[in-house]
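# Descriptive analysis of the structure
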Amino acid sequence: MELTEYLTYDATSLAAKVADGEVSAAELLALAQQRADQVNPKLNAIVRRMDAIAERRVKEPLAGPFAGVPFLIKDLLQEYGGLPTSHGTAAMRNATAAEHSAVVQKFLDAGVVIFGKTNTPELGSKGITESALWGPCRNPWDLSRTPGGSSGGSASAVAAGIVPAAGANDGGGSIRIPAACCGLVGLKTSRGLTPFGPVDGDPLLGWVTQGVVSRTVRDTAGFLDAIVGPNKYEGAQIVQPAVPFSTAIETAPTGLRIGYSATSAINPSPDPDAVRAVEEAAQLLTDLGHRVEEVDPPYDDAQLSRDFLTIWFAQLFGQVTRIKEMYGASDADFEPDTLAVAELGRATGIGPVFMAMERIHEFTRSLVDYQDTHDLLLTPTLAKVPLKVGETETPHALQVGSRVIAKARAGKLLALSGLADDLVEQALGWVPYTQLANMTGRPAISVPLHWTDDGVPLGVQFVGRLGQDGGLLALAAQLEQAAPWAGRYPAPC
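Residues numbered from 1 in each chain as written. Predicted model: local features only at pLDDT ≥ 70, side-chain atom pairs only at ≥ 80, totals over all residues. Heavy atoms only, no water.

The name given to the protein in an unreviewed UniProt entry is Amidase, with Branchiibius cervicis as the source organism.

And the structure:
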């Protein structure tokens, strides 16, 4: 198989070719390595190569639905035993994992050949992938732009054709944002469906889910089939899907009631391309026989954004504190933005955090009441085209100030200054639509139905009912058939 041919296949097809003896796992690995050598210097998508491990693995008998398929895992919450998982921070650069995380073991059981770990921002705390440790990751559709975050390295690698799918996870949009930026499929599953453990429990109140970014819906469905299932480390066991996701996508949905909105209180003027993406999707859905109408946001998105960041800041303070205790890290090992946000989380106090947690039920109820009359909520995934690399970088003087404030534990001054409101706009203004699904535990998928006139992808997002993951994938498959996207590759690569 030549590299040009390798680029045309998804993971499902590659696995079938390995099973039929048309190509070996070793040959596929060599092609993936060749592609990585070719494009990764431009992208900085892979930050840790695992070639020796992979080359040993392809010499072993491999079994599973994706036996022999080259694969990458995210350098955050996807630990590979015996190797460091940096979580994008210098404080954990050498923090070697004692064992595989549950999801990585599931990937291995599916037969993939893992040969690298992908770039992520420090502690996964931004919607871009630009850490001080690893440097910025770039979008293969436009090398001046971000691939999103925090699964930006995985999305960049898949979009560029290094691998057909890669490991990702999502705590506030971290699968869907990169999928939208890079023209990929990205599903955040219902809460509790994908595995955590054995070392870490469900991060961030269970908001974070594991998964992949991929070029095709059937690959996303297949990989989710491989990783979902009873997990003894869960605090509560969710009802498992009645049918495999790979089976669910074979039946196209009919007559869905879908409300769409591009409105956002924290970004009242979304990019015209974001609005156009939703309007084009609404027309396509209508052409497919679904009932589509424009609606007002069925929840208080301004309050939800504030509450999301209140809880996020508090957990980031907890993360930084824990890392310092476990690994002997100091403030110098963290980025200034991380220190400032963690200090703001500390200074906010427990009262506002608990109030924010209590309001989650209000957002959940508002969404559930909306879904009494609508099957799905359709929004843009992004309110703006993918940002330029470095666009949100904190000026040097403010970075110095952030370190001083953190050291002085002057977070209350930050709170009084109105910084929290500024952070809402800065952090979420270009991605205000994705946090709803995490906070309410609902499934949501981003599909690549729109490209700008400059050739940059913009996704649209569907939010479903709890447990409706298979239905979301079935709709995505229907849209994929009506408006195929998998054959598009970025020119810079």
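### Side note on the pairing of strand 10 (residues 291–294)
Looking at chain direction, strand 9 (residues 257–260) and strand 10 are connected through four bridges and run parallel. Bridge assignment links Tyr260 to a residue of strand 10, and that residue is Glu294. Viewed along the sheet, the connection from strand 9 through helix 10 (residues 272–287) into strand 10 turns out right-handed. (Pairing = 2+ DSSP bridges. Helix = DSSP H or I, 4+ residues; strand = E, 2+ residues; numbered from the N terminus. Right-handed = clockwise from strand over helix to strand, strands pointing away.)

### Overview of the packing of helix 11 (residues 301–327) against helix 13 (residues 350–370)
Helix-helix packing is described using two parameters, namely the angle between the two axes and the distance between the axes. At a minimum axis distance of 9 Å, the contact between helix 11 and helix 13 shows a crossing angle of 135 degrees. As the angle between them shows, helix 11 and helix 13 are arranged oblique. Viewed along their axes, helix 11 and helix 13 form a crossing whose handedness is left-handed. Where helix 11 approaches helix 13, its residues Gln303, Leu304, Asp307, Thr310, Ile311 and Ala314 are matched on the opposing element by Pro352, Val353, Ala356, Met357, Arg359, Ile360 and Phe363. (Axes fitted to C-alpha atoms, helices over the stretch in contact; angles between N-to-C directions. Parallel < 35°, antiparallel > 145°, perpendicular 65-115°, else oblique. Left-handed = near helix turned anticlockwise from the far one by under 90°. Contact = heavy atoms within 4.5 Å.)

### Digging into unusual backbone geometry
In this chain, Gly149 is followed by Ser150 through a cis amide linkage whose omega measures 5 degrees. Along the chain, Ser150 falls in the loop between strand 5 (135–136) and helix 6 (152–159). Residue Gly197 is joined to Pro198 through a cis peptide bond whose omega torsion reads 0 degrees. Along the polypeptide, Pro198 turns up in the loop between strand 7 (185–188) and strand 8 (209–214). Residue Leu77 is not a glycine yet carries a positive backbone phi of 60 degrees. Considering the arrangement of structural elements, one finds Leu77 in the loop between strand 2 (70–74) and helix 5 (102–109).

### Some points on the pattern of salt bridges
Enumeration over the complete set of coordinates arrives at 18 salt bridges. Asp75 serves as the salt-bridge partner of Lys117, at 3.2 Å between the closest nitrogen and oxygen. Placement of the pair is Lys117 in strand 3 (residues 113–118) and Asp75 in the loop between strand 2 and helix 5, with a sequence separation of 42 residues. By the burial criterion, Lys117 is buried, and Asp75 matches it. The shortest N-O distance in the salt bridge between Arg365 and Asp369 comes to 3.9 Å. (Salt bridge = Lys/Arg side-chain N within 4 Å of Asp/Glu carboxyl O. Buried < 20%, exposed > 50% of the residue type's maximum accessible area, 1.4 Å probe, protein only.)

### So, the confidence of the model for the protein
Put simply, the protein has an average pLDDT of 93, and 93% of its residues get 70 or more. Per-element confidence in the protein ranges from a low mean pLDDT of 59 for helix 15 (residues 411–416) to a high of 99 for strand 2. (pLDDT = per-residue confidence, 0-100.)

### Concerning the nonpolar core
Phe115 and Phe462 are the most contacted members of the largest nonpolar core, which totals 102 residues. Of the residues forming this core, the biggest block, eight residues, is contributed by helix 3 (residues 25–43). Of all hydrophobic cores here, the second largest spans 40 residues; its members include Ala95, Tyr299, Ala329 and Leu436. (Core = buried A, V, L, I, M, F, W, Y, C linked by side-chain atoms within 4.5 Å.)

### Points about the packing of helix 2 (residues 11–19) against helix 8 (residues 217–227)
As a packed pair, helix 2 and helix 8 sit with axes 8 Å apart at the nearest point and diverge in direction by 70 degrees. The pairing of helix 2 with helix 8 is recorded here as roughly perpendicular in orientation. For the pair helix 2 and helix 8, the contacting residues are Ala11, Thr12 and Ser13 in the first and Arg218, Asp219 and Phe223 in the second. Across the contact of helix 2 with helix 8, the residue classes tally to two nonpolar, two polar and two charged. (Nonpolar A, V, L, I, M, F, W, Y, C, P; charged D, E, K, R; others polar.)

### Quick notes on helix 8
Of all eleven residues in helix 8, nine are buried, a share of seventy percent or more. Every buried residue of helix 8 is accounted for by Val217, Asp219, Thr220, Ala221, Gly222, Phe223, Leu224, Ala226 and Ile227. Looking at the residues trailing helix 8, positive phi occurs at Gly229, about 140 degrees.

### A word on the pairing of strand 8
Extensive coverage of strand 8 is indicated by the burial of six of its six residues. The alternating pattern of strand 8 places Thr209, Gly211 and Val213 and Gln210, Val212 and Ser214 on opposite faces, both of which are buried. Bridge count for strand 6 (residues 165–170) against strand 8 is six bridges, and the pairing is antiparallel. For Ala166, the partnering residue across the bridge sits in strand 8 and is Val213. Inspection of the sheet shows strand 7 paired to strand 8 by two bridges, in the antiparallel sense. When the bridges of strand 8 are listed, Gly186 appears paired with Val213.

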